[in-house]
Amino acid sequence: MAENINWYPGHMAKAGRQIKEQASLCDLILEIGDARLPRSSRNPQLKQLIGNKPSLLVLNKADLTGDEEQRRWLAFFRDRKQPAVFASAARKKKGLKDLDQYLDREYRALCERLKERGRRPRPLRIMIVGIPNSGKSALLNAMVGANRVKTGNKPGLTRSLQWVRSGDHLELLDSPGILWPRLDDQNAALALAAVGSISRDACSEEDCGWFLLNWLKDQRPEVFRERYRVEEMPEHAEELLEQIARNRGMVRKGGIREEETYIMLLKEYREGKLGKFMLELPE
Ligand SMILES: Nc1nc2c(ncn2[C@@H]2O[C@H](COP(=O)(O)OP(=O)(O)OP(=O)(O)O)[C@@H](O)[C@H]2O)c(=O)[nH]1
Ligand SMILES: [Mg+2]
């Protein structure tokens, strides 16, 4: 079994303090979660950082999930009066339709408020926050229509806060991905690692790969036939791993290349090669 998973290095604590400072300057907070984990990718301490600022939950990487599960989650959030949209920075403007519409309305509402007070319009100031690797920087670039901030498939890439202007209507603040000091739900922590939001220093590929293998065996067994030519599901996950490794030629004298097999499984999962599905649904 895995060691207790926690990932809250000094730079995250620092980013948290800076986010708290900047929140008061913003009109709106975009909380970027991972669409595959609409519950577990939300920071339970966000409220303490942003206070009463209005926020919109943006579940990014929606291209890796199914339409029906998205509808179920939207209904769930609607019932709880939590504004939420699905988005896909990877699909550029096409993936931002609902987000753009929401921001248009917010901008017009801001202009109205300013007008009532006899003031001139100014851009809507938006802070982008969320867990590492959820696509915050990619989303900012997609909104601006240019590569203004660095993105990459590695949690913890962005290290400082950065304002970027987008047209006449928006000012966007990118921020470093942060988690929280204690990941109480260790299953959620493994799922966060599986989608790529926790550094491999804090959770190894063997550990989150093992979690993903077992989750798929339970919830999506057809994946193994379709993708890894496993004709008959073995009883134990160890045997399943072995079959996958053998079918992919990941063997060495005396056994399989275990770590390599986990890395391959995680990579193909993260790239969406195993299909479009979430790791959690509303209760
Ligand atoms: N499939 C898919 N991948 C995406 C999407 N948006 C971003 N990515 C990928 O996710 C990875 C992380 O993107 P970033 O924008 O760097 O993530 P971030 O949230 O800024 O990460 P940190 O700065 O580390 O907190 C990159 O490899 C992106 O290409 C999306 O909508 N769909
Ligand atoms: Mg970033």
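These figures come from a predicted structure and were not determined experimentally.

Participant: What exactly am I supposed to notice about the site of ligand 1 here?
Facilitator: As a structural note, the neighbourhood of ligand 1 is formed by 23 residues, with Asp-63, Lys-136, Ala-138, Gly-156 and Thr-158 the closest of them. Backbone polar atom of Ala-90 to an oxygen atom of ligand 1: 3.1 Å apart, as the coordinates give it. Here an oxygen atom of ligand 1 sits 2.7 Å away from a polar atom, N or O, in the main chain of Gly-156. In the complex, 87% of the free accessible area of ligand 1, which totals 660 Å², lies under the protein chains. With respect to the detected pockets, ligand 1 is housed in the largest pocket. At 3 residues, helix 5 (residues 136–144) tops the list of elements feeding residues into the shell around ligand 1. Grouping the constituent residues of the shell around ligand 1 by class yields 7 nonpolar, 12 polar and 4 charged.

Participant: Looking at this structure, how should I read the layout of surface pockets?
Facilitator: To find leftover empty space, one rolls a probe the size of a water molecule over the atoms. Approximately 1,200 Å³ is the volume attributed to the largest pocket. The wall of the largest pocket is formed by 50 residues, among which Lys-61, Asn-133, Gly-152, Asn-153 and Lys-154 lie closest to the centre. Elements that contribute at least two residues to the lining of the largest pocket include exactly helix 5, helix 6 (186–195), helix 7 (205–219) and helix 10 (258–270). Of the residues forming the lining of the largest pocket, the biggest block, 5 residues, is contributed by helix 5. Among the residues forming the lining of the largest pocket, the class breakdown is 17 nonpolar, 18 polar and 15 charged.

Participant: Please clarify how helix 5 should be interpreted in this entry.
Facilitator: At 3.6 residues per turn, the α-helix brings residues three or four places apart onto the same side. With 7 of 9 residues buried, helix 5 lies mostly within the body of the structure. Of the residues making up helix 5, those classed as buried are Lys-136, Ser-137, Leu-139, Leu-140, Asn-141, Ala-142 and Met-143. As for helix 5, its buried residues are in contact with strand 1 (28–34), strand 2 (55–60), helix 4 (97–116), strand 4 (124–130), strand 5 (162–166) and strand 6 (170–174).

Participant: Where do I start with the domain arrangement of the chain in this structure?
Facilitator: One frequently used descriptor of interface size is the decrease in accessible area upon assembly of the parts. Taken domain by domain, the chain consists of domain 1 (10–174) and domain 2 (204–270). Between the C-alpha centres of domain 1 and domain 2 the distance comes to 35 Å.

Participant: Sorry, what's going on with the coordination of the magnesium ion (ligand 2) here?
Facilitator: Where a metal carries four tetrahedral donors, each ideal angle is 109.5 degrees; where it carries six octahedral donors, the ideal angles are 90 or 180 degrees. Within the first shell, the magnesium ion (ligand 2) binds the protein through Ser-137 (OG) and Thr-158 (OG1), at distances of 2.0 to 2.2 Å. Taken as a pair, Ser-137 in helix 5 and Thr-158 in the loop between helix 5 and strand 5 lie far apart in primary sequence, 21 residues in all.

Participant: Explain the pattern of salt bridges here, please?
Facilitator: Opposite charge on two side chains allows them to pair when their charged atoms are near. For the coordinates displayed, the defined rule picks out 17 salt bridges. Close ionic contact of Asp-27 with Arg-122 constitutes a salt bridge, the shortest N to O distance being 3.0 Å. Of this pair, Asp-27 sits in the loop between helix 1 (10–23) and strand 1 while Arg-122 sits in the loop between helix 4 and strand 4; the two residues are 95 residues apart in sequence, bridging distant segments of the chain. When its relative accessible area of 15% is taken as the criterion, Asp-27 is described as buried. Between Glu-171 and Arg-165 there is a salt bridge, with its nearest N and O atoms 3.6 Å apart. Each of Arg-39, Glu-280 and Glu-283 takes part in one network of salt bridges that share partners.

Participant: What's the story with the packing of helix 7 against helix 9 (residues 237–247) in this structure? I'm lost.
Facilitator: Between helix 7 and helix 9, the least distance of the axes is 10 Å, while the angle of their chain directions is 100°. The orientation of helix 7 relative to helix 9 falls into the category roughly perpendicular. Across the interface between the two elements, Trp-210, Leu-213, Asn-214 and Lys-217 from helix 7 touch Ala-237, Glu-238, Leu-240, Leu-241 and Ile-244 from helix 9. For the contact of helix 7 with helix 9, a count of residues per class yields 6 nonpolar, 1 polar and 2 charged.

Participant: What is the right way to read the sheet that holds strand 5 from this model?
Facilitator: Spatially, the 6 strands line up as an open sheet ordered 3-2-1-4-6-5, and their pairing is mixed. The sheet terminates laterally at strand 3 (84–86) and strand 5, the two strands that pair on one side only. Geometrically, the sheet is characterised by an average inter-axis angle of 25° between neighbouring strands, direction not taken into account. One ladder, built from 6 bridges, connects strand 1 with strand 2; its direction is parallel. Following the sheet pairing, Asp-34 is matched in strand 2 by Asn-60. Packed on one face of the sheet, helix 3 (residues 67–79) meets strand 2 and strand 3 and runs near 170° to strand 3. Packing against the sheet, helix 5 makes contact with strand 1, strand 2, strand 4, strand 5 and strand 6, and its axis sits at approximately 160° to strand 6.

Cut-offs applied
- Residues numbered from 1 in each chain as written.
- Chains lettered and ligands numbered in written order.
- Predicted model: local features only at pLDDT ≥ 70, side-chain atom pairs only at ≥ 80, totals over all residues.
- Heavy atoms only, no water.
- Near = heavy atom within 4 Å.
- Polar contact = N/O pair within 3.5 Å; in protein donor to acceptor, adjacent residues only side chain to side chain.
- Areas by Shrake-Rupley, 256 points an atom, 1.4 Å probe, with all protein chains shown as cover.
- 1 Å grid on protein atoms, 1.4 Å probe; cavity = no way out; pocket = protein on both sides within 12 Å on 5 of 7 lines; lining within 4 Å.
- Sits in = over half its atoms within 2 Å of the grid points.
- Helix = DSSP H or I, 4+ residues; strand = E, 2+ residues; numbered from the N terminus.
- Nonpolar A, V, L, I, M, F, W, Y, C, P; charged D, E, K, R; others polar.
- Points joined across faces, edges and corners; volume = space filled by probe spheres on them.
- Buried < 20%, exposed > 50% of the residue type's maximum accessible area, 1.4 Å probe, protein only.
- Contact = heavy atoms within 4.5 Å.
- Domains from an automatic or database assignment.
- Donors = N, O, S within 2.8 Å, 3.2 Å for Na, K, Ca; no water.
- Salt bridge = Lys/Arg side-chain N within 4 Å of Asp/Glu carboxyl O.
- Axes fitted to C-alpha atoms, helices over the stretch in contact; angles between N-to-C directions.
- Parallel < 35°, antiparallel > 145°, perpendicular 65-115°, else oblique.
- Pairing = 2+ DSSP bridges.

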